[in-house]
Amino acid sequence: MDKLLIRGGARLDGEVRISGSKNAVLPILAATLLADGPMCVGNVPHLHDVTTMMELLGRMGVSLTVGERLAIETDTKDVHCLRAAYELVKTMRASILVLGPLLARFGEAEVALPGGCAIGSRPVNLHVDGLRAMGAHIVVENGYIRAKARRLRGTRLVLDVATVTGTENLLMAATLAEGRTIIENAAREPEVIDLANCLQAMGARIEGAGTDEIVVHGVERLQGCEYEVMPDRIETGTYLVAGAITKGRVKVKRTRADIVDSILHKLRAANAEVKVGEDWIELDMHGERPRAVDAQTAPYPAFPTDMQAQFTALNAVAEGVGTITETVFENRFMHVQELQRMGAEIHVSGNTAVIKGVEHLTGAPVMATDLRASASLILAGLVAKGETLVEKIYHIDRGYECIEEKLSLLGARIRRVVGGKR
Ligand code: EPU
């Protein structure tokens, strides 16, 4: 299994291009199931999760062509299998995103129930309840969600929790439902807006995406369109933290500053100089050690749970004591034990980690448990004294495009160790 070998100590300095957003492209690819006609999705990141989604759609009969300039062309005219098998769903929970589109367009869907995962129990009850309220007949048996509906009916849905993929699933389902659907307490994440923009380009009638009340007027059919996926805000934040943790200077390009406000706010609090332009952000530590920051995760526009592990690593080498509180997932501190093995002083109590910055971390073999935990271990490895070997990096390949190439271009000493060879 591949590993990443990092020799810490290099101060990052340079520019890096941000890829298309993982959490936007996955629902958008699922939305191609709604299109009556060919569709072209651009700025697609080359990620393992994207390959999984393509495999999922391919097995259903969607024809997929990887075109020029990071584009994927899709056509649903030969769809014949309305099923997402456990074998794929267990490797990627976002597979649940095909449930709404399949049901809305083809009147039937069979999607394996995703199990627990490394960051919490992560149920999908709100996806199922919402579709039921829209008139779907759904049974959960043999580990599968089996859903049927002649045509979904618009209704008023109030989500107990502002779930991101739940909102996306229901939004997609509502586009082809009869009448008006109102989704209250909808997730406001930029990826929901990106999906809504794509659906609108396909002919959907949607108001309020990006607010907590989304109104969808169902239409009879959606056509294909060309759509460019938004930049990845978590990749953006991760490279900025890489600059901060190494006391360096990093300019991220082809991104958007307006979707990372809460992250920039924390980086400035960590004593970074941050400048923003139309499609770039530049962070400069001027060779200074970062200051520890306090952060509490919450749904957008608050500080994202997907940046929590990276800021834990930043605090681990910062000046002072920082407190990180996780409120979105119940078990997202798996990286802490690994950071402690590198010499970090972290005390976890309930959902709060109190981190006392140390002068130096020391390199160690560490194991990644989920995508963002892996990112935090890599960040820690960039500043640790000596070598850090990050194992189980298939997690990182799920969500960060060419991470070792991008970090190398910024001056990091990092390389992939294929199989057991060093
Ligand atoms: N929840 C329920 N019932 C549901 C759905 C969610 O109780 O039916 C709860 C969850 O257990 C959790 C909270 O609601 O406590 C929020 O979870 P949400 O459903 O919003 O998460 P998600 O849609 O499964 C997406 C991202 C995650 C990101 C979260 C939170 C995608 C594909 N995944 O997950 O991304 O952490 O939103 O922002 O969009 C990642 O990229 O590393 C990642 C995990």
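Please refer to the structure higher up on the page.
Residues numbered from 1 in each chain as written. Predicted model: local features only at pLDDT ≥ 70, side-chain atom pairs only at ≥ 80, totals over all residues. Heavy atoms only, no water.

**Here we look at the pattern of salt bridges**
Per the stated rule, a full pass over the model turns up 27 salt bridges. Note that Asp-2 and Arg-416 form a salt bridge whose closest N and O atoms lie 3.4 Å from each other. Within this pair, whereas Asp-2 is found in the segment before strand E1 (3-7), its partner Arg-416 is found in strand E24 (residues 413-417), the two being separated by 414 residues in sequence. With a relative accessible area of 27%, Asp-2 lands in the partly exposed category. The salt bridge partner of Glu-387 is Arg-7, with a shortest N-O separation of 3.5 Å. Pair noted here: Glu-387 is in strand E23 (residues 387-391) and Arg-7 is in strand E1, with a separation of 380 residues, a long-range link. Three or more residues are tied together by salt bridges with common partners; here these are Asp-2, Asp-397, Glu-404 and Arg-416. (Salt bridge = Lys/Arg side-chain N within 4 Å of Asp/Glu carboxyl O. Helix = DSSP H or I, 4+ residues; strand = E, 2+ residues; numbered from the N terminus. Buried < 20%, exposed > 50% of the residue type's maximum accessible area, 1.4 Å probe, protein only.)

**Concerning the packing of helix H5 (residues 125-133) against helix H6 (residues 164-175)**
With their axes 8 Å apart at the nearest point, H5 and H6 run at an angle of 25° to one another. Of the possible angle classes, the one that applies to H5 and H6 is roughly parallel. Here H5 runs over H6; the crossing is right-handed. Between H5 and H6, the residues in contact are Leu-126, His-127, Gly-130 and Leu-131 and Thr-165, Gly-166, Asn-169, Leu-170 and Ala-173, respectively. Here the residues of the contact of H5 with H6 sort into four nonpolar, five polar and no charged. (Axes fitted to C-alpha atoms, helices over the stretch in contact; angles between N-to-C directions. Parallel < 35°, antiparallel > 145°, perpendicular 65-115°, else oblique. Left-handed = near helix turned anticlockwise from the far one by under 90°. Contact = heavy atoms within 4.5 Å. Nonpolar A, V, L, I, M, F, W, Y, C, P; charged D, E, K, R; others polar.)

**Things to note about the packing of aromatic side chains**
As enumerated under the stated definition, the model contains one aromatic pair in all. Measuring from centroid to centroid gives 5.1 Å for Phe-303 and Phe-311, while their planes differ by 85°, and the two rings are edge-to-face. With respect to class, Phe-303 is no different from Phe-311; both count as buried. A cation over a ring is seen here: Lys-251 above Trp-280, with NZ or CZ 4.6 Å from the ring centre. (Phe/Tyr/Trp six-rings, centres within 6.5 Å; stacked < 30°, edge-to-face > 60°. Lys NZ or Arg CZ within 6 Å of the ring centre and 35° of its normal.)

**Topic: the nonpolar core**
Among the nonpolar cores identified, the biggest contains 146 residues, and Val-98, Leu-199, Leu-267 and Leu-407 are the most heavily contacted of them. Filtering out sequence-adjacent residues up to four positions away, Leu-407 remains in contact with Leu-12, Tyr-239, Ala-242, Ile-378, Leu-382, Ala-412 and Ile-414. (Core = buried A, V, L, I, M, F, W, Y, C linked by side-chain atoms within 4.5 Å.)

**Quick look at the site of the ligand**
Surveying the vicinity of the ligand reveals 20 residues, the closest of which are Thr-163, Thr-165, Asp-306, Val-328 and Arg-372. Contact distances for the ligand include 3.3 Å between an oxygen atom and a backbone N or O atom of Pro-123. A distance of 2.6 Å is found between an oxygen atom of the ligand and a backbone nitrogen or oxygen belonging to Val-328. The protein chains hide 87% of the 820 Å² of surface that the ligand would expose on its own. Of all elements in the fold, only helix H1 (22-31), H5, H6 and helix H12 (371-383) reach the threshold of two or more residues within the shell around the ligand. (Near = heavy atom within 4 Å. Polar contact = N/O pair within 3.5 Å; in protein donor to acceptor, adjacent residues only side chain to side chain. Areas by Shrake-Rupley, 256 points an atom, 1.4 Å probe, with all protein chains shown as cover.)

**What about the pairing of strand E11 (residues 180-184)?**
E11 sits mainly inside the fold: four of its five residues count as buried. In this region the chain leaves strand E10 (residues 156-158), passes through H6 and returns to the parallel neighbour E11; the handedness of that crossover is right-handed. Bridge count for E11 against strand E13 (residues 213-217) is five bridges, and the pairing is antiparallel. Each bridged residue has a counterpart across the sheet, and for Arg-180 the counterpart in E13 is His-217. (Right-handed = clockwise from strand over helix to strand, strands pointing away. Pairing = 2+ DSSP bridges.)

**So, the sheet that holds strand E4 (residues 63-66)**
What the four strands build is an open sheet, ordered E4-E5-E3-E14; its pairing is mixed. Bordering the open sheet on either side are E4 and strand E14 (226-228), each of which pairs with just one other strand. With direction set aside, neighbouring strand axes in the sheet form an average angle of 20°. The pairing of strand E3 (residues 39-42) with strand E5 (residues 72-75) spans three bridges and is classified as antiparallel.

**Looking at the environment of Ala-412**
Within the fold, Ala-412 resides in the loop between helix H14 (403-409) and E24. Separated by 54 residues in sequence, Ala-412 and Val-358 place their C-alpha atoms 21 Å apart. Contacts of Ala-412, omitting those with residues within four sequence positions, involve Ala-10, Leu-12, Leu-382 and Leu-407.

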